[in-house]
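Coordinates in review
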Amino acid sequence: MIRAVIFRLHLTVAVAAGAVVLMLAATGVVLSLEEAVTGLAERRLFVAAAEGAGRLAPEEIVEAAGLAATSLRYAADVRMPVRVYEGRDRYVHVDPYTGRVLGQGPGGVERFFEGVHNWHRWFNVSSGSVRRARAVTGAVNVAFLFLLLTGPILWIPRPVTRRSLANVIVPRPRATGAWRDLNWHQVVGIWSVLPLAVIGATGVTTSYPGVGDRVYPVVGRVVPVGVWPGGAGIGGEDAVALERAGAGVVGVEGAEEGSRDSDEGGGAPGADLGAVLAAAEVWVPEWRTLILNVPRSGDREVRVEVQGGREGQPHKAGVLTVDVATGAVRDWESFADDTPGRRAQQFLRHAHTGEYWGLGGQLLAGLFSLAAVLMVWTGLSLAVRRGRRFVRLRRVLRR
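Our subject in this report is the structure included herewith. (Residues numbered from 1 in each chain as written. Predicted model: local features only at pLDDT ≥ 70, side-chain atom pairs only at ≥ 80, totals over all residues. Heavy atoms only, no water.)

Let's shift gears to the pattern of salt bridges. Considering all chains together, one arrives at eleven salt bridges under this definition. Put simply, Asp-77 and Arg-79 hold a salt bridge, and the shortest N to O gap is 2.9 Å. On the accessibility criterion, Arg-79 (38% relative accessible area) is partly exposed. With a closest N to O distance of 2.8 Å, Arg-90 and Glu-86 form a salt bridge. Under the relative-accessibility criterion, Glu-86 is labelled partly exposed at 25%. (Salt bridge = Lys/Arg side-chain N within 4 Å of Asp/Glu carboxyl O. Buried < 20%, exposed > 50% of the residue type's maximum accessible area, 1.4 Å probe, protein only.)

A complete count under the given rule lists seven aromatic pairs for this structure. Geometrically, the ring pair formed by Trp-228 and Trp-332 is tilted, given 6.0 Å between the ring centres and 40° between the ring planes. Highlighted residues: Trp-228 in the loop between helix H8 (209-219) and helix H9 (236-244) and Trp-332 in strand E8 (residues 329-334), separated in sequence by 104 residues. Ring geometry for Phe-347 and Tyr-356: centres 4.8 Å apart, planes at 85°, overall edge-to-face. On the accessibility criterion, Phe-347 (16% relative accessible area) is buried. Feature note: the residues Trp-228, Trp-283 and Trp-332 constitute an aromatic cluster, connected by ring pairs. (Phe/Tyr/Trp six-rings, centres within 6.5 Å; stacked < 30°, edge-to-face > 60°. Helix = DSSP H or I, 4+ residues; strand = E, 2+ residues; numbered from the N terminus.)

By secondary structure assignment, the location of Ala-48 is in the loop between helix H2 (34-42) and helix H3 (58-65). Accessibility expressed as a relative area gives 71% for Ala-48, which makes it exposed.

This is how it looks when you write it as structure tokens:
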């Protein structure tokens, strides 16, 4: 009796939410390839420095870009051009050795993935309908999690024998029709239910901030923190390294004193973005990407966003606050400095996509999203077959 009730609930929810779950899973598969595809697309912009050529100063790169620059994005790979941003959505690629503009962005590949992101989150609707669309995708996330929790109850055979168990854990490539759909639905579900439950649960916390507020304090206690970069802090060997680079170091306490001195001096001296960039490179030798925010007139400090890993790895990222005139480090904020709730929020957001574990995690998330596509497709196929049988039975009974 209980099993029959669960089956009817499972079937009803699957039919109601199946099409949207299919869309979410399919777009999830595409998004898992985003970093790899965009990385390949960027290879066409690789540059080669002439022998003995040095990198241009940030100010020269900004001038060559011809934009009202708001930030510069540097890559540790010496072949990569510098991205000079004007706002968030417009940028140009600049050869860091010659100042030649190589192209504008975002390109076609980036626009394609941005569209997929918008479909995945809110059906790519106009801004006025985003809230309602997100409410739908949030509800479907909950429905998907319900299907994953009730599925194993229906998939596990009764009674459990060696033969009946093999039918739900071993694929039958020669099966056809409804038997094939049922076999694939059960086998794929059994082997992927736990990873998909993680994807579904993290999706729910993202869709519903109220749920996340209750989950984050609990998850934050077990999220690994670590120290990145290894042993970094203001002072010690890092301070010595910065002094050798020509950028004096000011501790956190000294930052306040320095600010007061600047106020008394009647204004900040001219910005030296080269010194700021040098300070960031020395502070985090294992950096992978640096985003240097261009200070506005009157700014005494500038923030440099440092990434030591791939996108979606907040435990390998931090923000360096640097004096714009001298390159003196004022403050360093890393993942370990965030509150447990904030760390959990970032972890769950990127665990949903697999990005937290790098390219391998993304590809696994894509693989299990593909499994979800197959599960939804076979599940809907079984529901359609069941509906057709019901209609035929009604016609026979009417005769």
